[in-house]
Amino acid sequence: MCDNKVMKRIAILGGTFSPVHIEHVLLAKSAIKELALDKLIVMPTFISPHKSEVPLCSSHRLNMLKLAFKDVEKVEVSDFEIEKQGKSYTYQTVEHFKSSEDAELFFIVGGDMLTDFPTWRYPERILSACTLAVFDREGFYTDYDGLTKYFMDTFGKTFIKLNHVGRDASSTKIRIYSALSLPLDNLTTKEVEEYIIKNRLYQDFEFADIVKKTLPEKRLIHTANVVICALKRAKELGLENKKVITATMLHDFAKYIDYKTVEGFTVSEDVPEPVIHAFLGAYLAEKHLKITDREVLDAIKYHTSGRPNMTTLEKLVFVADMVEDGRTYDGVEELRKSYNEDDFERCFFKCLEEETVHLINKKQKIYHLTLEAYNYYK
Ligand SMILES: [Fe+2]
Ligand SMILES: [Fe+2]
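Quick notes on the rules
- Residues numbered from 1 in each chain as written.
- Chains lettered and ligands numbered in written order.
- Predicted model: local features only at pLDDT ≥ 70, side-chain atom pairs only at ≥ 80, totals over all residues.
- Heavy atoms only, no water.
- Helix = DSSP H or I, 4+ residues; strand = E, 2+ residues; numbered from the N terminus.
- Buried < 20%, exposed > 50% of the residue type's maximum accessible area, 1.4 Å probe, protein only.
- Lys, Arg positive; Asp, Glu negative; His and termini not counted.
- Charge placed at Lys NZ, Arg CZ, Asp CG, Glu CD.
- Donors = N, O, S within 2.8 Å, 3.2 Å for Na, K, Ca; no water.
- Tetrahedral: all angles 85-135°; square planar, octahedral: opposite > 155°, others 65-115°.
- Domains from an automatic or database assignment.
- Core = buried A, V, L, I, M, F, W, Y, C linked by side-chain atoms within 4.5 Å.
- Contact = heavy atoms within 4.5 Å.
- Pairing = 2+ DSSP bridges.
- Axes fitted to C-alpha atoms, helices over the stretch in contact; angles between N-to-C directions.
- Disulfide = S-S within 2.5 Å.
- Phe/Tyr/Trp six-rings, centres within 6.5 Å; stacked < 30°, edge-to-face > 60°.
- Left-handed = near helix turned anticlockwise from the far one by under 90°.
- Nonpolar A, V, L, I, M, F, W, Y, C, P; charged D, E, K, R; others polar.

S.K.: When you look at the overall build of the chain in this model, what are you seeing that I'm missing?
M.R.: For the chain, the count of helices and strands is 18 helices and six strands. Counting all 378 residues of the chain, 51% fall into the buried class. Put simply, the chain has 52 plus and 59 minus side-chain charges, and the middle of one group is 2 Å from the middle of the other.

S.K.: Before we go on, may I ask you to explain the coordination of the iron ion (ligand 2) in this structure?
M.R.: Under ideal tetrahedral coordination, the four donors around a metal are separated by 109.5 degrees; under ideal octahedral coordination, the six donors are separated by 90 or 180 degrees. Note on the iron ion (ligand 2): its protein donors are H222 (NE2), H251 (NE2), D252 (OD) and D321 (OD). The metal-donor distances range over 2.1 to 2.2 Å. Around the iron ion (ligand 2), the four donor atoms are arranged such that angles at the metal cover 82 to 179°; this shape is classified as irregular. Mapping the donors of the iron ion (ligand 2) onto the primary sequence yields the spacing H-x28-H-D-x68-D. The metal-metal distance between the iron ion (ligand 2) and the iron ion (ligand 1) is 3.5 Å, with D252 coordinating both. Residue H222 is located in helix α11 (residues 217-234), and its partner D252 is located in the loop between α12 (241-250) and α13 (273-287); the two are separated by 30 residues in the primary sequence. Accessibility expressed as a relative area gives 1% for D252, which makes it buried.

S.K.: Is there a simple way to think about the domain arrangement of the chain in this case?
M.R.: Quite often, the size of an interface is put as the accessible area lost when its parts meet. Here the chain is partitioned into domain 1 (8-169) and domain 2 (213-377). Spacing between the C-alpha centres of domain 1 and domain 2 amounts to 36 Å.

S.K.: What should I look at first to understand the nonpolar core in this one?
M.R.: General note: in soluble globular proteins, nonpolar side chains tend to be found buried as a group. L40, F69, I108, L180 and V319 are the most contacted members of the largest nonpolar core, which totals 95 residues. Residue contributions to this core reach at least three from each of two domains, namely domain 1 (8-169) and domain 2 (213-377). In contact with L180, not counting residues within four places along its chain, are A208, V211, K212, L220, A224 and M249. One finds I41, V134, L147 and F151 within the second-largest nonpolar core, a separate group that totals 27 residues.

S.K.: What am I meant to see in the sheet that holds strand β3 (residues 75-77) here?
M.R.: Each strand in a sheet pairs with its neighbour through backbone hydrogen bonds, running either in the same direction (parallel) or in the opposite one (antiparallel). Spatial strand order, β3-β2-β1-β4-β5-β6: six strands in an open sheet with parallel pairing. The outermost strands of the open sheet, each flanked by one partner alone, are β3 and β6 (160-166). On average, adjacent strands in this sheet sit at an angle of 25° to one another, irrespective of strand direction. Here six bridges tie strand β1 (residues 8-15) to strand β4 (residues 103-110), and the two strands are oriented parallel to one another. Bridge pairing in β4 links R9 to E104. Against the sheet, helix α4 (residues 90-100) makes contact with β1, β2 (39-44) and β4, and its axis sits at roughly 155° relative to β4, the strand it touches most.

S.K.: Could you clarify how one ought to interpret the pairing of β4 in this entry?
M.R.: Across a regular strand the side chains alternate sides, sitting on one face of the sheet and then on the other. Within β4, seven of the eight residues are buried, leaving the element largely enclosed by the surrounding structure. Pairing analysis gives five bridges linking β4 to strand β5 (residues 131-137), with the strands arranged parallel. From the neighbouring strand, I108 faces β5, where its bridge partner is A133.

S.K.: Please clarify how the state of the cysteines should be interpreted in this entry.
M.R.: Two cysteines joined by a covalent bond between their sulfur atoms form a disulfide. Scanning the entire structure with this criterion turns up zero disulfides. Not part of a disulfide, C229 finds its nearest cysteine sulfur in C347, a span of 8.6 Å.

S.K.: For this particular structure, what's the right way to read the coordination of the iron ion (ligand 1)?
M.R.: Protein coordination at the iron ion (ligand 1): the donors are D252 (OD), H277 (NE2) and H303 (NE2), at 2.0 to 2.2 Å from the metal. Mapping the donors of the iron ion (ligand 1) onto the primary sequence yields the spacing D-x24-H-x25-H.

S.K.: So what exactly am I meant to see when it comes to the packing of aromatic side chains here?
M.R.: To describe a pair of aromatic rings, you give the distance between the ring centres and the angle between the ring planes. One pass over the full model with this rule turns up 20 aromatic pairs. With centroids separated by 6.2 Å and ring planes inclined at 70°, the aromatic side chains of F279 and Y367 adopt a geometry described as edge-to-face. Of this pair, F279 sits in helix α13 while Y367 sits in the loop between α17 (344-361) and α18 (368-377), and the two are 88 residues apart along the sequence. Looking at F279, the relative accessible area reads 13%, which means it is buried.

S.K.: Help me understand the side chain of T90, please; the structure alone is not making it clear to me.
M.R.: Structurally, the position occupied by T90 is in helix α4. Here T90 is in contact with F107, W120 and I126, once residues within four sequence places are set aside.

S.K.: When you look at the packing of helix α14 (residues 294-301) against helix α15 (residues 312-323) in this model, what are you seeing that I'm missing?
M.R.: When two helices pack together, you describe them by how their axes are tilted relative to each other and by the distance separating the axes. Following both chains from N to C, one finds α14 and α15 inclined at 35°, their axes separated by 8 Å at the closest point. Remark: the crossing between α14 and α15 carries right-handed chirality. On α15, the residues that touch E295, V296, D298 and A299 of α14 are L313, E314 and V317. For the contact of α14 with α15, the class distribution of residues is four nonpolar, no polar and three charged.

S.K.: What's the story with the packing of α11 against helix α16 (residues 332-341) in this structure? I'm lost.
M.R.: Across the interface, α11 lies against α16 with an axial gap of 10 Å and an inter-helix angle of 35°. Residue-level inspection shows C229, A230, K232 and R233 of α11 in contact with α16, the latter providing S338, Y339 and N340. Considering only residue class, the contact of α11 with α16 consists of three nonpolar, two polar and two charged.

S.K.: Sorry, what's going on with helix α8 (residues 171-179) here?
M.R.: In an α-helix, one turn spans 3.6 residues, which is why side chains three or four residues apart end up on the same side. With seven of nine residues buried, α8 lies mostly within the body of the structure. Buried within α8 are the following residues: S171, K173, I174, I176, Y177, S178 and A179. Residues of α8 that are buried make contact with α1 (22-34), α9 (190-198), α10 (208-214), α11 and α12. Two residues or fewer after α8 comes S181, characterised by a positive phi angle close to 55°.

Okay, here's the thing in C-alpha cells:
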C-alpha cells in the first residue's frame with residue numbers, strides 16, 4: 001500500500017496588527033489563493049523583536065483581528081505569541097507549528113523585511129521549519145535577484161515570491177487618523193473602525209491634541225499625511241522617529257493663527273505671506289510648547305522656504321510636505337516617485353528646484369532664503 005496522503009499547507013502571517021488594516025485582509029486572501037493553503041494562521045506578536053515600543057493591549061488587538069477576519073475562510077487568529085509573552089521570535093513560532101501541525105509550513109513576509117532577514121534570531125532554523133513567502137510592497141524596491149543568490153549561498157534555500165503587491169497602508173496611519181479624529185474610511189474594515197471608536201483606542205499621539213485645536217480637518221489630513229510620509233524614510237536617514245513626528249506634526253500648526261495677534265512675534269517685511277506660518281510655528285513651538293530641540297524647531301521654521309546648509313530633518317520635512325499623498329499639483333507624481341525610489345538628496349533637490357521654478361513661473365516673489373538654498377544645492 002502506498003501512502004497517498006497529501007500534506008496540508010499552512011501559512012503564518014505575523015505582525016503587530018496595532019491595528020489590523022485593510023491591506024492585511026487583502027494580503028491574507030491573496031496568500032490563501034496563491035499558496036493553495038488549507039489554513040492561514042494570523043499571529044499577532046506580543047512584542048516584536050524589530051520594534052522597541054510595546055503595542056496596544058493584546059486583547060484589543062486580538063479582538064480587532066477576529067472582527068477583521070471573521071468572514072475570511074481558512075483564517076485562524078492565533079494567540080500563541082501573546083500567551084507566550086516576551087519577545088516574539090519567529091524561529092520559536094515556526095518551530096512550534098512545524099511540530100504541532102503535520103503540514104508544509106510557510107511564513108509570509110514583506111519584500112522590505114527580506115533584506116533584514118539574516119539579522120533575525122536563528123534565520124537558518126526558521127528556514128528549516130518553513131518556506132518564506134514574500135510579497136511586494138508598493139513603493140519599496142527589493143533586489144530579488146541579489147537576495148535569491150544571497151539566500152542560496154548563505155542558507156542553501158531560497159524563498160517563494162508571491163504575485164500579491166501590498167498597497168501603501170499602515171497601522172501608523174490609522175493611529176494618527178484616530179488621534180486626530182479623522183475618518184478611517186478604507187483604512188480598515190467597518191467593524192474594526194467601530195471597535196476603535198467605541199473603545200476610544202489610539203487617542204494618544206504626540207501633539208495631536210495641539211494641532212486638533214488649531215487646524216481645520218483639511219489641514220489635519222495634510223498634517224497626518226506629512227507625518228506618515230516622513231516616517232517612511234526616517235530610519236534609513238538615521239533620524240529618530242520621535243523627532244520626525246514632532247517636527248512634521250507641528251510643521252503647519254500655526255497656519256491659521258494671525259501672526260499680528262501673537263505677542264512678542266515679529267517678522268521682517270521681506271518674508272512672504274506663505275512663509276510666515278513656518279516662522280510663527282517655530283516661535284510658538286519654542287515659547288508655548290516649550291520645545292527646546294533646535295533641530296526640530298528649525299525643521300518647522302524652514303519647511304516652506306528651505307535655506308542653505310539644511311539638516312537632514314529640515315530636508316525631510318520640506319520634502320514630505322511637498323510629496324505627501326494628498327498633494328495634487330502638476331509634477332507631484334514624479335516627485336513622489338523620486339521620494340519612493342531615488343537617493344534622498346537627489347529627491348530633495350528635485351523638490352527644491354520644483355518649488356523655485358514654480359515660484360518663478362507664477363511670477364511670485366521668491367524669498368531670498370529659497371533662492372539661496374537653490375543656488376547652494378545646485
Ligand atoms: Fe506649511
Ligand atoms: Fe504643510
